[in-house]
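For reference, the chains in residue letters:
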Amino acid sequence: MIRCVFLLEHTGIGGGHYVVFEHAVRMKRRGNDIFIVTKKPVSKEDIQWHPEALELNWITYDDAQSLRFDVAVATFWKTARWLHRINASRYSFFVQSIESRFYHETEHNYRRYVGSVYLLPVHYITQAEWIKEYLQHNYGHLPYLVNNGIRKDLYTPAGEAYAVREEGHLRVLIEGPFEFYFKNIEKTISLCRQAAVDEIWLLTSTNIKEYEGVDKVFSRVPITET
């Protein structure tokens with residue numbers, strides 16, 4: 001059994017957090033002692049979008065000061081800079097994207113600042129071959145590659161549907177939050193409207209009920225309903 005802690009910036013709905021929770025829950029179910037550390041205390045409501053995450057041990061950075069871990073895993077560039085606040089035998093950085101690219105191309109200095117986290121002398125883990133190659137080519141790391149799985153209990157070829165498919169009717173589902181410019185959600189909606197698709201659906205973590213030009217909005221949907 002190992003005692004492992006994953007470092008999060010927050011617990012909002014997102015693909016990156018989803019992947020972390022999936023790994024953490026499965027590690028816990030295999031008999032390991034798994035913690036999630038955050039800046040502020042986390043309530044049940046904060047993680048209701050992923051109910052299984054309630055199985056994990058949730059602590060704050062202040063709580064972590066009295067604990068020692070076998071492994072500490074950063075999950076975002078900001079949390080990589082907080083690894084020093086954790087007492088652990090080994091330190092890792094789970095890289096799910098090259099996060100300097102999250103910021104606009106005009107923010108040259110900030111992008112370089114974010115990219116500097118990949119200079120940290122820790123173990124690197126990623127879920128994508130291209131990220132592994134990027135970190136190896138640009139920083140000389142040899143990351144562990146851990147491919148994402150698929151929740152086949154949730155994502156199936158057939159199941160409940162909000163609407164039946166119509167012959168000759170083109171329906172487009174757009175997924176993503178509006179808060180991050182690089183997701184290009186607004187642009188995608190605009191392009192679909194220009195293409196005169198028959199119906200536009202939007203699945204988003206942004207807390208909205210409707211959006212101009214979108215026929216159906218699904219906002220902040222728990223994973224069990226996706």
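Just above, that's the structure.
Residues numbered from 1 in each chain as written. Predicted model: local features only at pLDDT ≥ 70, side-chain atom pairs only at ≥ 80, totals over all residues. Heavy atoms only, no water.

Trainee: Quick question: what am I supposed to make of the overall build of the protein chain here?
Mentor: On a plain count of helices and strands, the protein chain comes out with six helices and 10 strands. Taking the principal axes of the C-alpha coordinates as reference, the protein chain spans close to 60 × 40 × 30 Å. Taking all 226 residues of the protein chain together, the buried fraction comes to 39%. Considering only contacts within the protein chain whose residues lie at least 6 apart along the sequence, 55% involve residues at least 24 apart. When the accessible surface of the protein chain is summed, it comes to about 13,700 Å², and 50% of that surface belongs to carbon and sulfur atoms. In the protein chain, which carries 27 positive and 28 negative side-chain charges, the distance between the mean positions of the two groups comes to 7 Å. (Helix = DSSP H or I, 4+ residues; strand = E, 2+ residues; numbered from the N terminus. Buried < 20%, exposed > 50% of the residue type's maximum accessible area, 1.4 Å probe, protein only. Contact = heavy atoms within 4.5 Å. Areas by Shrake-Rupley, 256 points an atom, 1.4 Å probe, with all protein chains shown as cover. Lys, Arg positive; Asp, Glu negative; His and termini not counted. Charge placed at Lys NZ, Arg CZ, Asp CG, Glu CD.)

Trainee: What am I meant to see in helix H1 (residues 15–29) here?
Mentor: Owing to its 3.6 residues per turn, the α-helix brings residues three or four apart onto one side. Here H1 is 15 residues long and its end C-alpha atoms lie 21 Å apart, about the 21 Å a rise of 1.5 Å per residue gives. Every buried residue belonging to H1 is among His17, Tyr18, Val19, Val20, Phe21, Glu22, Ala24 and Val25, and all of these are buried. Buried residues along H1 sit against strand E1 (3–7), strand E2 (33–38), strand E3 (57–60) and strand E5 (88–95). (Expected span 1.5 Å × (residues − 1).)

Trainee: What am I meant to see in the nonpolar core here?
Mentor: Ranked by size, the top nonpolar core spans 29 residues in total, and within it Val5, Leu7, Val37, Phe69, Ile86, Phe93 and Tyr118 carry the most contacts. Among the secondary structure elements, those contributing two or more residues to this core are E1, E2, helix H2 (61–64), strand E4 (69–74), helix H3 (77–80), E5 and helix H5 (129–139). Excluding anything up to four places from it in sequence, Phe69 contacts Arg3, Cys4, Val5, Phe35, Ile59, Ala64, Ile86, Asn87, Ala88 and Ser89. Ranked by size, the runner-up nonpolar core spans 19 residues in total, among them Trp49, Leu56, Phe94 and Ile223. (Core = buried A, V, L, I, M, F, W, Y, C linked by side-chain atoms within 4.5 Å.)

Trainee: Explanation requested: the sheet that holds E2 in the structure shown.
Mentor: Paired through their backbone hydrogen bonds, the strands of a sheet run either parallel or antiparallel. Ordered in space as E3-E2-E1-E4-E5-E6-E7, the seven strands form an open sheet in which the pairing is parallel. At either end of the open sheet lies a strand with only one pairing partner, and these are E3 and strand E7 (144–145). (Pairing = 2+ DSSP bridges.)

Trainee: Quick question: what am I supposed to make of the layout of surface pockets here?
Mentor: A water-sized probe rolled over the atoms picks out the places where empty space is left. A volume near 1,200 Å³ is recorded for the largest pocket. If you go around the largest pocket, you meet 37 residues; those closest to its centre are Ile13, Gly14, Gly15, Gly16 and Lys183. Every element with two or more residues in the lining of the largest pocket is listed here: H1 and strand E9 (199–204). By residue number, the principal contributor to the lining of the largest pocket is H1, which donates six residues. Class assignment for the residues of the lining of the largest pocket results in 16 nonpolar, 15 polar and six charged. (1 Å grid on protein atoms, 1.4 Å probe; cavity = no way out; pocket = protein on both sides within 12 Å on 5 of 7 lines; lining within 4 Å. Points joined across faces, edges and corners; volume = space filled by probe spheres on them. Nonpolar A, V, L, I, M, F, W, Y, C, P; charged D, E, K, R; others polar.)

Trainee: How should I be thinking about the packing of aromatic side chains in this particular structure?
Mentor: What describes a pair of aromatic rings is the distance from one ring centre to the other and the angle between the planes of the rings. Counting across every chain of the model gives 18 aromatic pairs. Residues Tyr61 and Trp82 carry aromatic rings whose centres are separated by 5.5 Å and whose planes lie at 80° to one another, so their mutual orientation is edge-to-face. In this pair, Tyr61 is assigned in helix H2 and Trp82 in the loop between H3 and E5, connecting sequence segments 21 residues apart. Ring geometry for Tyr110 against Tyr113: centres 6.0 Å apart, planes inclined by 40°, an arrangement best described as tilted. (Phe/Tyr/Trp six-rings, centres within 6.5 Å; stacked < 30°, edge-to-face > 60°.)

Trainee: In this structure, what is going on with the environment of Glu22? I would like to understand it.
Mentor: One can find Glu22 in helix H1. Each C-alpha atom, one on Glu22 and one on Lys152, is 13 Å from the other, the two residues being 130 residues apart in sequence. What Glu22 contacts, discounting residues up to four positions off in sequence, is His50, Glu52, Arg151 and Ile223. A polar atom in the side chain of Glu22 sits 2.7 Å from the side chain of His50. (Polar contact = N/O pair within 3.5 Å; in protein donor to acceptor, adjacent residues only side chain to side chain.)

Trainee: Help me out: how do you make sense of the pattern of salt bridges in this one?
Mentor: Pairing between side chains of opposite charge can happen when their charged atoms approach one another. For the coordinates displayed, the defined rule picks out nine salt bridges. Measuring nitrogen to oxygen at the nearest pair gives 3.4 Å for the salt bridge that ties Glu52 to Arg29. A residue pair is termed long-range when its members are at least 10 positions apart, and Glu52 in the loop between E2 and E3 and Arg29 in helix H1 qualify at 23 residues. Of the charged contacts in the structure, one is a salt bridge between Glu52 and Arg151, with a shortest N-O distance of 3.0 Å. Of the two residues, Glu52 sits in the loop between E2 and E3 while Arg151 sits in the loop between E7 and strand E8 (171–175), which places them 99 residues apart along the sequence. (Salt bridge = Lys/Arg side-chain N within 4 Å of Asp/Glu carboxyl O.)

Trainee: How do you make sense of the side chain of Thr126 when you look at a structure like this?
Mentor: Summarising the element assignment, Thr126 is placed in strand E6 (residues 123–126). Using a relative accessible area of 0% as the deciding quantity, one classes Thr126 as buried. Within the structure, the side chain of Thr126 is placed 3.4 Å from the side chain of Gln127, a separation counted as a polar contact. Here Ala128 takes part through its backbone nitrogen, which lies 3.4 Å from a polar atom of the side chain of Thr126. Apart from residues lying up to four places away in sequence, Thr126 is in contact with Phe94, Val95, Ile131, Lys132, Pro143, Tyr144, Leu145 and Val146.

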